[in-house]
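Notes for the structure review
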Amino acid sequence: MSDEELSAERGPNARVRTSSFRLRVVPLGTSAGRPTLARGASALAIAAEGAWVLCDCGEGAQVAALRAGLSLSRLDAVLVTHLHGDHFNGLPGLLGTLGLEGRERPLTVAGPRGIVALLEALARAGSLGIGTLPVRIVELDGEGGSVELPEQEDFLVVARPLAHRVPTYGYRVSLPDRPGTLDVEAALAAGIPPGPLLAEVKEGRTVVLPDGRRVDGSRFVGPDRRGPSVAYALDTTPCQDAVELGRGADMLVHESTYENARAELARSRGHSTGVEAARIAAEAQAGTLLLTHFSPSVDAERVADEAREIHPRVTAAADLAGIDVAAGSL
Ligand SMILES: [Zn+2]
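Residues numbered from 1 in each chain as written. Predicted model: local features only at pLDDT ≥ 70, side-chain atom pairs only at ≥ 80, totals over all residues. Heavy atoms only, no water.

Points about the nonpolar core
Core analysis: the largest hydrophobic core is formed by 31 residues, its most contacted members being I46, L79, V147, F155 and Y171. In this structure, V147 is in contact with A110, V138, L140, V157, V158, A159 and Y171, ignoring residues within four places of it in sequence. Counting 28 residues, the second largest nonpolar core, distinct from the first, contains A47, C57, V78 and V109. (Core = buried A, V, L, I, M, F, W, Y, C linked by side-chain atoms within 4.5 Å. Buried < 20%, exposed > 50% of the residue type's maximum accessible area, 1.4 Å probe, protein only. Contact = heavy atoms within 4.5 Å.)

Now the structure itself:
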């Protein structure tokens, strides 16, 4: 997505909406454990028109975001799965940049237990340099749940615990449902004048016409359109919570650190194989599966080939290769 596409006006009267009603998923780092020349450490942008959220913030994530044409000032939230360095080490640098830019709009940072103490320790040591940047930290515990993004109505975010070696949460990011399409011809034929009244009808509201008639706007509006959703599950061994997180999602992003021959190694390190990720996606009936978090020792395309024997729509994530996600886009 270009910067222009992300530059819709904001403000109380300029509700940001995606005209195409899609999410764009942009992997910013797809390597496990450490960055390589081809793959950065874990980070993935989920963008709508005018705003985006960042899932994980491995080293180099902010530079990758700039390369992807994402405006840092449009970032609504950083959703950290766990505090291992390959998912976290880019966050102090990103916060420092936002502080230097003089950002005044609050940034939400969600993460597992311990993230508040960690960021506070970095701040005390002078490592953050966030200036007056208002950072709102949501420290997750237990079953997770809804992550509120105050003053930001672009995204719905839900967190759910995963099964790794340290406290870890996956996230599901969706666009809110929208009213269905307005049958303009029928509305005009019923005598609703173009302008503010028609706009009210478009939202499905009841309006009073100049001639005194009350008209139920919902008569002219089709069924609600479901917002697209992306579930982000890493790092984790195969677990039921990942299934629930990805249940019916249009895209499940799941870690696939190793090929299936090394399933035991994956399990012992708290990770999954591509085949295991595909089983999760199949059980969840996720529309598509995006594999990421590849060990530098694996061939990602081979991992994806293995996974395709289980789930028909599998892509091996590549850094900066964005993918559009629409609701029900099978
Ligand atoms: Zn990792």
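Here we look at the pairing of strand β12 (residues 229-233)
A large share of β12 lies buried, amounting to five of its five residues. Taking every second residue as pointing to the same face, both faces of β12 are buried, with S229, A231 and A233 on one and V230 and Y232 on the other. Of the pairings in the sheet, the one linking strand β9 (residues 169-174) to β12 comprises four bridges and is antiparallel in character. What sits directly across from Y171, in β12, is Y232. A crossover links β12 with its parallel partner strand β13 (residues 251-255), the connecting element being helix α7 (residues 240-246), and its sense is right-handed. (Helix = DSSP H or I, 4+ residues; strand = E, 2+ residues; numbered from the N terminus. Pairing = 2+ DSSP bridges. Right-handed = clockwise from strand over helix to strand, strands pointing away.)

Let's talk about unusual backbone geometry
Of the consecutive residues L234 and D235, the connecting peptide bond is found in the cis state with omega at -5°. Here D235 is to be found in the loop between β12 and α7. In this structure, D56 is a non-glycine residue whose phi angle is positive, near 65°. Looking at the element boundaries, D56 is found in strand β3 (residues 51-57). For D56, a relative accessible area of 0% gives the class buried. The backbone of Q285 shows a phi angle near 55°, a positive value even though the residue is not glycine. Counting through the fold element by element, Q285 comes out in the loop between α9 (274-284) and β14 (288-292). Exposure remark for Q285: the relative accessible area of 64% places this residue in the exposed category.

Quick word on the sheet that holds strand β16 (residues 323-325)
The strands that make up a sheet are held in pairs by hydrogen bonds between backbone atoms, and each pair lies either parallel or antiparallel. The seven strands are arranged β6-β5-β4-β3-β2-β1-β16 in an open sheet whose pairing can be described as mixed. Either end of the sheet is taken by a strand with one partner, and the two such strands are β6 (135-140) and β16. The sheet shows a mean angle of 20° between the axes of neighbouring strands, direction not considered. Pairing analysis gives four bridges linking β3 to strand β4 (residues 75-79), with the strands arranged parallel. Bridge pairing links W52 to L75 in β4. Contacting β3, β4, β5 (107-112) and β6, helix α3 (residues 91-100) runs over the sheet at an angle of about 165° to β5. (Axes fitted to C-alpha atoms, helices over the stretch in contact; angles between N-to-C directions.)

Thoughts on the side chain of H293
Along the polypeptide, H293 turns up in the loop between β14 and α10 (300-308). A distance of 3.1 Å separates a polar atom in the side chain of H293 from a polar atom in the side chain of D235. A polar atom in the side chain of H293 sits 3.0 Å from the side chain of T257. (Polar contact = N/O pair within 3.5 Å; in protein donor to acceptor, adjacent residues only side chain to side chain.)

Description of the coordination of the zinc ion
Bound to the zinc ion on the protein side are D86 (OD), H87 (NE2), D235 (OD) and H293 (NE2), at distances that span 2.1 to 2.4 Å. One can describe the site at the zinc ion as irregular: its four donor atoms subtend angles covering 91 to 167° at the metal. According to the relative accessible area criterion, H293 is buried, its value standing at 1%. (Donors = N, O, S within 2.8 Å, 3.2 Å for Na, K, Ca; no water. Tetrahedral: all angles 85-135°; square planar, octahedral: opposite > 155°, others 65-115°.)

Examining the pattern of salt bridges
Taken as a whole and assessed by the stated rule, the structure comprises eleven salt bridges. Here D241 ties to R160 by a salt bridge, and the two come within 2.8 Å at their closest N and O atoms. Residue D241 is located in helix α7, and its partner R160 is located in strand β8 (residues 156-161); the two are separated by 81 residues in the primary sequence. Where E276 meets R267, a salt bridge forms, and the shortest distance between an N and an O atom there is 3.6 Å. On the basis of relative accessible area, E276 is assigned to the buried category, the value being 9%. (Salt bridge = Lys/Arg side-chain N within 4 Å of Asp/Glu carboxyl O.)

Points about the sheet that holds strand β7 (residues 145-147)
In spatial order, the strands read β7-β8-β9-β12-β13-β14-β15; together these seven strands make up an open sheet with mixed pairing. With partners counted over all chains shown, the strands left at the sheet margins are β7 and β15 (314-316), one partner each. For this sheet the average axis-to-axis angle between neighbouring strands, irrespective of direction, equals 20°. Sheet topology places β7 next to β8; three bridges connect them, and they run antiparallel. What sits directly across from G145, in β8, is A159. Docked against the sheet, α10 engages β14 and β15, running at close to 170° with respect to β15.

A closer look at α3
Judged by how many residues are buried, α3 sits mostly within the fold: seven of ten residues are covered. Buried residues of α3: L91, P92, L94, L95, G96, L98 and G99, and no others. Where α3 terminates, the next one or two residues include G102, which has phi positive at roughly 75°.

By themselves, these are just geometric observations and shouldn't be taken as functional.
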